[in-house]
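Next come the chains, spelled out residue by residue.
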Amino acid sequence: MNGKATTTRTKLERGRSALGPALELVHTGRAPTRAVLTSELGVTRATAGAVAAELEALGLIRVDSSPGSAAGSQGRPSHRLSVLETGPVVLAAQVHADGFRAALVGLGGRIVATSPGCVAVMADPAQVLGEVVEAGAELLRASGLRCVGAGLAVPSAVAEPEGTALNPLHIAWPAGSPVRDIFAACVRRAGITGPAFTGNDVNLTALAEHRHGAGRGAQHLLCVATGHRGVGGALVLDGRLHSGSSGLALEVGHLTVNPEGRPCHCGGRGCLDVETDPLAFLTTARREPGPEESLLKQAGNLLRTEYGDPAVRQAAEALIDRLGLGLAGLVNILNPDRIILGGLHRDLLEADPERLRAVVADRSLWGRSGSVPILPCTLAHNSLVGAAELAWQPVLDDPLAALA
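- Within an unreviewed UniProt entry, the label attached to the chain reads ROK family protein, and the organism entered is Streptomyces durocortorensis.
- Taken from UniProt, the Sequence similarities (unreviewed entry) comment for the chain reads in full: "Belongs to the ROK (NagC/XylR) family."

Next comes the structure, spelled out in structure tokens:
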């Protein structure tokens, strides 16, 4: 092989190795133009152009070859890059204490379609997952889009590498249910191609928010959120979920914040899980939960519409103080550079941000020297988007191999 051929082959291999990183940059919105892509990849303009063209040929992104220049700009404007709206999708599914939902999600975290949420979760995980996958399959048939994988979010720690739901405390599934295998089997039976993945719902919330929402740019991101029942936490370090040695890290719901408080499903007492979740808020506000809406929706509506009621305000303040105590302990241990809150915790932050930030600052060592930003999650259906991120990851890692 002569030197010119060797050089050409080397350039080609370098370009192909850049496909995954380039797609992730466009997927997360960090490369809106070819000029930015060139800079972020550290390659020549010609190589970046070839990489963008190949991703476009794969049906993943759109290259705007005739962009308009911005007012006052100098020089030739750069080609704009965006995910292709008619490109492939993944099936995302979420199961929670009050039901389940399926969605089709494209690159960029864009929800293409969602099924109506179901409000009944049976004790048989195979039945539930079969129904949610069938709901997703119906969306796929109606859309006519190509599906390249599937992801599932569940309200339980998911043990690795087995993929079992270790402690589905708020749904009536048996502990240790092999949810990943069951979900994968349902996906195959529905004729959906591509790999199937399963993860904890708050872990996936954190992943979605880090890539597309309030966590963008954070290096050490702590996410704490209520589900429809209970509380979970997650940590994203340098862009990757920290899940511990076997997938069970950051079970923050079982931090004690009120030693004389409510009994917890884990056997303890006064855990975040039972002291700061939607049911705790409704109970503390002396409201009887109704069957017509989810607990999360009832609690959020009460907080937003009746905050002037003394009982509601006092309940909110009590939960904020307990949440702040828990967050302060986590700040002392983890030293995050940003905290994001989801579910009812987001609503509590928005109701009285100064109170929560003051509690965290007062009870944490680092809070006194420099406050940690505490922000609300910003994505709708962030657990679904996070489940989609699991399914998109093989494509982001190696687009050519994943789409072959």
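### Overview of the environment of Leu-241
Link 1 in the chain: In this structure, Leu-241 sits in strand β12 (residues 240-241).
Link 2 in the chain: Sequence separation between Leu-241 and Thr-28 is 213 residues; the distance between their C-alpha atoms is 16 Å.
Link 3 in the chain: Residues within four places of Leu-241 in sequence aside, it is in contact with Asn-203, Ala-206, Leu-207, Ala-234, Leu-235 and Val-236.

### Details of helix α10 (residues 295-305)
Link 1 in the chain: All buried positions along α10 are accounted for by Leu-295, Leu-296, Gln-298, Ala-299, Gly-300, Leu-302 and Leu-303.
Link 2 in the chain: Residues of α10 that are buried sit in contact with β10 (220-226), α9 (278-284), α11 (310-334) and α12 (344-351).

### A closer look at the pattern of salt bridges
Link 1 in the chain: Following the criterion strictly, the structure yields 15 salt bridges and no others.
Link 2 in the chain: Arg-211 is paired through a salt bridge with Glu-389; the nearest N and O atoms lie 2.5 Å apart. Residue Arg-211 is located in helix α7 (residues 201-212), and its partner Glu-389 is located in helix α15 (residues 382-397); the two are separated by 178 residues in the primary sequence. As far as the burial class goes, Arg-211 and Glu-389 line up, both buried.
Link 3 in the chain: Two residues, Glu-317 and Arg-355, come together in a salt bridge whose shortest N-O distance is 4.0 Å. Placement of the pair is Glu-317 in helix α11 and Arg-355 in helix α13 (residues 353-363), with a sequence separation of 38 residues.
Link 4 in the chain: Salt bridges here are not isolated pairs; linked through shared partners, they connect Arg-262, Glu-275 and Arg-322.

Cut-offs used in this document
- Residues numbered from 1 in each chain as written.
- Predicted model: local features only at pLDDT ≥ 70, side-chain atom pairs only at ≥ 80, totals over all residues.
- Heavy atoms only, no water.
- UniProt positions renumbered as here; feature names shortened; annotations may be inferred.
- Helix = DSSP H or I, 4+ residues; strand = E, 2+ residues; numbered from the N terminus.
- Contact = heavy atoms within 4.5 Å.
- Buried < 20%, exposed > 50% of the residue type's maximum accessible area, 1.4 Å probe, protein only.
- Salt bridge = Lys/Arg side-chain N within 4 Å of Asp/Glu carboxyl O.

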